[in-house]
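The lines below spell out each chain.
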Amino acid sequence: VQLQASGGGLVQAGGSLRLSCAASGRTFRGYVVGWFRRAPGKEREFVAGIKWNGGHTYHADSVKGRFAISRDITRNTVYLQMNSLKPEDTAVYYCAAGSRIIQSTIGVSSSYDHWGQGTQVTVSS
């Protein structure tokens, strides 16, 4: 499956953005789709994940209450709605998909087989 991430940009602190991750080549059915981010000089970190079958969602503590991952089955797309953005949210955001991920490894980047190209999110103070 090929992933295309989009929706990044420059926003002021407190603003919102919605990232999209579209799949081509096959549907997301049976996959877990996750969002990760890498800030300059930092390790890549898990942001949120969703089980396509059933729609169960998982969010990192740092974004709970501000970000929400969701899916649109008809569009075969996963979204990351980001509200109340902070300068520390500045990073390149990547979407990823994996077909053999269990709940305990949703936040582990090596669990994912397919990665999108990344989209830059910059939050100004």
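Refer to the preceding data block for the structure.
As the structure is a prediction and not an experimental result, all values here were calculated from the model.

Participant: So what about the sheet that holds strand β1 (residues 2-6)? Which residues, and what values?
Facilitator: One open sheet accounts for four strands, arranged β1-β3-β8-β7; its pairing is antiparallel. What marks the edges here is a single partner per strand, and that holds for β1 and β7 (67-72). The sheet shows a mean angle of 15° between the axes of neighbouring strands, taken without regard to direction. One ladder, built from six bridges, connects β7 with strand β8 (residues 77-82); its direction is antiparallel. By the bridge assignment, arginine 71 is partnered in β8 with valine 78.

Participant: An account of the state of the cysteines is requested, with residue identities and associated values reported.
Facilitator: Under the defined criterion, the tally for this structure stands at one disulfide. Disulfide pairing is shown between cysteine 21 and cysteine 95; the S-S distance is 2.2 Å. Note on the cysteine 21 and cysteine 95 pair: the S-S dihedral is about 70°, so by sign convention the disulfide is right-handed. Taken together, the residues cysteine 21 in strand β3 (residues 17-24) and cysteine 95 in strand β9 (residues 91-98) connect sequence positions 74 residues apart.

Participant: Can you break down the side chain of threonine 90 residue by residue, with the values?
Facilitator: You can see threonine 90 is positioned in the loop between β8 and β9. Looking at threonine 90, its side chain comes within polar contact range of the main-chain oxygen of proline 87, at 2.9 Å. One polar contact links the side chain of threonine 90 to the main-chain amide nitrogen of valine 123, over a distance of 2.9 Å. Non-local contacts of threonine 90, meaning those with residues more than four positions away in its chain, are made with Ala39, Pro40, Gln120, Val121, Thr122 and Val123.

Participant: Residues and numbers for the packing of aromatic side chains, please.
Facilitator: For the coordinates displayed, the defined rule picks out five aromatic pairs. Aromatic pair phenylalanine 36 and phenylalanine 46: ring centres 5.6 Å apart, planes at 70°, arrangement edge-to-face. Of this pair, phenylalanine 36 sits in strand β4 (residues 32-38) while phenylalanine 46 sits in strand β5 (residues 45-51); the two residues are 10 residues apart in sequence, bridging distant segments of the chain. Given a relative accessible area of 1%, phenylalanine 36 falls into the buried group. Taken together through their ring pairs, the aromatic side chains of Phe36, Phe46, Tyr112 and Trp115 make up a single cluster.

Participant: Could you give me a rundown of unusual backbone geometry, with the residues and numbers involved?
Facilitator: Excluding glycine, residues mostly carry a negative phi; peptide bonds, for their part, are mostly trans. Not every positive phi belongs to a glycine, and asparagine 76 is a case in point at roughly 55°. In this structure, asparagine 76 sits in the loop between β7 and β8. Judged by relative accessible area, which is 11%, asparagine 76 ranks as buried. Here the phi dihedral of serine 84 falls at roughly 50°; this positive angle occurs in a residue that is not glycine.

Participant: Please provide a residue-by-residue account of the pattern of salt bridges, values included.
Facilitator: In this structure the tally under the stated criterion is six salt bridges. We note a salt bridge from arginine 37 to glutamate 45, for which the minimum N-O separation is 2.5 Å. In this structure, the salt-bridge partner of aspartate 89 is arginine 66, at a minimum N-O distance of 2.7 Å. Here aspartate 89, found in the loop between β8 and β9, pairs with arginine 66, found in the loop between β6 (57-59) and β7; they are 23 residues apart in sequence, far enough to count as distant. When sorted by exposure, aspartate 89 lands in the same class as arginine 66, which is buried. Within the structure, one salt-bridge network assembled from shared partners comprises Arg37, Glu45, Arg66 and Asp89.

Reading guide: rules and limits
- Residues numbered from 1 in each chain as written.
- Predicted model: local features only at pLDDT ≥ 70, side-chain atom pairs only at ≥ 80, totals over all residues.
- Heavy atoms only, no water.
- Pairing = 2+ DSSP bridges.
- Helix = DSSP H or I, 4+ residues; strand = E, 2+ residues; numbered from the N terminus.
- Axes fitted to C-alpha atoms, helices over the stretch in contact; angles between N-to-C directions.
- Disulfide = S-S within 2.5 Å.
- Polar contact = N/O pair within 3.5 Å; in protein donor to acceptor, adjacent residues only side chain to side chain.
- Contact = heavy atoms within 4.5 Å.
- Phe/Tyr/Trp six-rings, centres within 6.5 Å; stacked < 30°, edge-to-face > 60°.
- Buried < 20%, exposed > 50% of the residue type's maximum accessible area, 1.4 Å probe, protein only.
- Salt bridge = Lys/Arg side-chain N within 4 Å of Asp/Glu carboxyl O.

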